[in-house]
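Chain residues, written in single-letter form:
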Amino acid sequence: MIQRYRYGNPFPTEATVEQIAISEGTLPFFETDGKGGFSYSLKEDDIVYGLGEQVRGINKRGWHYVSWNFDNPHHQEDTLSLYGAHNFLIVHGEVTFGVFFDYAGKLEFDIGYTRRSLMRVRAQKNDLDVYLITGENEKEIVRRFRHLIGRSYIPPFWAFGYGQSRWGYKNEADIREVVSEYQKAGIPLDSVYMDIDYMENYKDFTVDAGRFPNLGDLVSELSRQGVHLVPIIDAGVKIEEGYEVYEEGVKNNHFCKNAAGEDFVGAVWPGRVHFPDFLNPKAREWFGEKYSVLTKLGIDGFWNDMNEPAIFYTEDRFADTLTKLEELSTKNVGINEYFAFTGMVAGLNGNAGDYEKFYHNVNGKPVKHSEVHNLYGMNMTRAAYEALRKLAPHKRTLFFSRSSYIGAHRYGGIWQGDNKSWWSHILQSMQQLPALNMAGFLFVGCDVGGFGSDTTEDLMIRWLQYSLFTPLFRNHSSNGTRRQELYCFENIKALGDMIQIRYSLIPYLYSEFLKAVYEDSMMFRPLAFDFPEDKLAASVEDQLFLGDELIIAPIYQQNAVGRYVYLPEEMMLVRMRRYNDYDTEVLPKGHHYVSSKLSELVFFLRKGRAIPMVAPALNTSLLTSEITTMLGYPEGTYSLYEEKLQ
Ligand code: GLC
């Protein structure tokens, strides 16, 4: 059952698609203070699942979190906000229920942080809808919630292939080199990503003619080799006379305004920019149509970035900071001045005050950005999705976004934002997967190998062994870090073998993905969702169910030669070196130490189950659907969902 409770006058977020009447009664289980605060008494054994893209464990209890979409490439355990706002929780305990706080502004969750026995949720204003979802168990609660928020986005089949990305491919030759090195190494590849350097001075929907003299030809040349080019689009539009997108946006009032009614100015990669007003349907339609500049050249995939929106600085704050710094320079600089100095400079990027300074046009009325902040990224991807559905209704286009709110899962996937080449970020990505699936985000994945800082070969291979199970499978790294294309390492073969295993599993993974879409279920689940009575399963933080067949238990520690796993029932251990070279061993329920050499992928098959594998190919268009192996228990069968719409 779903009940909806209304407080004040909420902004329509469009997170939900099902109409639920507003309940007259009071919200069960919670105490409400009438000022946007909601409290729930936690029992000692209660577990709290959810919050989508957030830090810390699968069980969110014991920390506090803030839903405020934020660009934080250095996130770690004490980070409060990441790139997405996914305000859906399931409390598991004596009473088990789901709760969705549908609120577009800043929302704080204190889940046993201030007091271990108390969960407190606070919206900045008492203007929100709260949905309470009850059901027989967690899976049923998720199904109901997902039905409420609408069907998840399905990408084209090729998007399940492996992608290579790096901020730093500057020209056609760089892209060709990536493709040819992968070919030489015999490693499958379906896509190469184009980061901001393909544009002319970081201007959306332009292509630098010097460095990419004929993008259309390059797209066709690579497409003949089975490789798709996927360009980035950023939220901010460069302010530059003569630049069509800028001029049209100004003329037609498509940009967000400042308090004086002028186009608001922020600074991101292109320098001074205006931000399209994605909350305004007209601006959405206008911006969405611009994607056709690239689809006309044969492009069929995009990643939407910087759409929290990230703001490096605003001019007035920058000027103000300079003045204060000058004042400081006339003083005797002591420790207080030093900290004031570093604080002011660091505080320019993503400064909360800047989000108070601009407005959206909602049905002719100005709405302050900070009140609807978390909806911005979702509406950017919606703009692209809706426009392309009109332009090419029978074609699937790849979209994924950095920033999102619940509802964005209908328009595209997400990647988990800027991470680091840290072992802990393998685990962090994995712990987010079930919470993201709960919130509808099924086409998800992280920057494989880590975006910031330098990766190593062992980190990369262990990372591949985790990420080869995630729908989005893209190696991406930052400018200035060590190169991490797989052909750059010493043991290219072992890395390539992991990619081949991915390709052998694609029919299975795509099938599990489609099932999760059509059945409103979760592709990745905490162990406890399937074994609710098992107290040991409830505390497992580093293993997940994948579909109804597998448990994945990646290695995320440097120099580990194995790991402990907990099996909630008898399972078959698979230790795989190549797609056609593996051992299996049946293990009883319980704790086990499982060894795994660096080049060995380890996972587990459920009792009585088997999964299909095909021969790998150099890209998804060459994959045949001929099943070469049924991996698992001899009696196991599997029903394959197929739907290869390109
Ligand atoms: C942002 C993105 C990252 C991209 C970079 C340059 O940090 O999150 O993926 O490479 O911008 O465009």
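Criteria and thresholds
- Residues numbered from 1 in each chain as written.
- Predicted model: local features only at pLDDT ≥ 70, side-chain atom pairs only at ≥ 80, totals over all residues.
- Heavy atoms only, no water.
- Pairing = 2+ DSSP bridges.
- Helix = DSSP H or I, 4+ residues; strand = E, 2+ residues; numbered from the N terminus.
- Polar contact = N/O pair within 3.5 Å; in protein donor to acceptor, adjacent residues only side chain to side chain.
- Contact = heavy atoms within 4.5 Å.
- Near = heavy atom within 4 Å.
- Areas by Shrake-Rupley, 256 points an atom, 1.4 Å probe, with all protein chains shown as cover.
- Nonpolar A, V, L, I, M, F, W, Y, C, P; charged D, E, K, R; others polar.
- Expected span 1.5 Å × (residues − 1).
- Bend = angle between axes of the 7 residues up to and from the residue.
- Patch = residues over 30% accessible without salt bridge, like charges linked within 9 Å, V, L, I, M, F, W, Y side chains within 5 Å.
- Salt bridge = Lys/Arg side-chain N within 4 Å of Asp/Glu carboxyl O.
- Buried < 20%, exposed > 50% of the residue type's maximum accessible area, 1.4 Å probe, protein only.

Remarks on the pairing of strand β17 (residues 271-274)
Pairing between strand β15 (residues 237-238) and β17: two bridges, direction antiparallel. If you follow Lys 238 over to β17, its bridge partner there is Val 273. Summarising the sheet, strand β16 (residues 266-268) and β17 pair through three bridges and their orientation is antiparallel. Bridge pairing in β17 places Gly 266 opposite Val 273.

A word on the side chain of Asn 619
For Asn 619, the position within the fold is in the loop between β35 (610-614) and β36 (627-632). Polar contacts involving the side chain of Asn 619 include one to the main-chain carbonyl oxygen of Gln 225, which spans 3.3 Å. Apart from residues lying up to four places away in sequence, Asn 619 is in contact with Leu 189, Asp 190, Gln 225, Gly 226 and Tyr 503.

Focus on the site of the ligand
Surrounding the ligand, one finds 13 residues, the nearest of these being Asp 195, Asp 305, Arg 402, Asp 418 and His 476. At a separation of 2.9 Å, an oxygen atom of the ligand approaches a polar side-chain atom of Arg 402. Contact between the ligand and Asp 418: an oxygen atom at 2.5 Å from a side-chain N or O atom of the residue. In isolation the ligand has 310 Å² of accessible area, and contact with the protein removes 98% of it. When the residues that make up the shell around the ligand are grouped by side-chain class, the tally is eight nonpolar, one polar and four charged.

Overview of the environment of Tyr 49
Here Tyr 49 lies in strand β4 (residues 47-50). In this structure, Tyr 49 is in contact with Ile 58, Phe 88, Leu 89, Ile 90, His 92, Glu 138, Met 438, Pro 526, Ala 528 and Phe 529, ignoring residues within four places of it in sequence.

Regarding helix α13 (residues 492-518)
Compared with an ideal rise of 1.5 Å per residue, which puts 27 residues at 39 Å, α13 spans 38 Å between its outermost C-alpha atoms and is within 8% of the ideal. Along its length, α13 reaches its greatest deviation from straightness, about 55°, at Leu 505, and the proline Pro 507 lies no more than four positions downstream. Trailing α13 by a residue or two, Asp 520 shows a phi angle of about 50°, which is positive.

Considering a nonpolar patch on the surface
Residues Val 333, Ile 335, Tyr 338 and Phe 339 make up a contiguous nonpolar surface patch of about 450 Å² in total accessible area. Considering the arrangement of structural elements, one finds Ile 335 in helix α8 (residues 335-346).

Regarding the pairing of strand β18 (residues 301-305)
With five of five residues buried, β18 lies mostly within the body of the structure. Neither face of β18 is exposed, since Gly 301, Trp 303 and Asp 305 on one face and Phe 302 and Asn 304 on the opposite face are all buried. Across three bridges, the pairing between strand β14 (residues 228-234) and β18 is parallel. Residue pairing for β18: Ile 233 is matched across the bridge by Asn 304.

Description of the pattern of salt bridges
Applying the stated criterion across every chain yields a total of 47 salt bridges. The partner of Arg 122 in a salt bridge is Asp 33, with the nearest N and O atoms 2.7 Å apart. Of this pair, Arg 122 sits in strand β10 (residues 118-123) while Asp 33 sits in the loop between β2 (31-32) and β3 (37-41), and the two are 89 residues apart along the sequence. Judged by relative accessible area, Arg 122 falls into the partly exposed class, the value being 36%. Assessed through its relative accessible area of 34%, Asp 33 is described here as partly exposed. A salt bridge links Arg 577 to Glu 600, with the shortest nitrogen-to-oxygen separation between them at 3.1 Å. Here Arg 577 is found in strand β31 (residues 571-578), whereas its partner Glu 600 is found in the loop between β33 (590-595) and β34 (601-606), with 23 residues between them in sequence. The partly exposed category is assigned to Arg 577, whose relative accessible area is 22%. It is possible to trace a salt-bridge network through shared partners that takes in Lys 139, Arg 525, Asp 530, Asp 548, Glu 569 and Arg 606.

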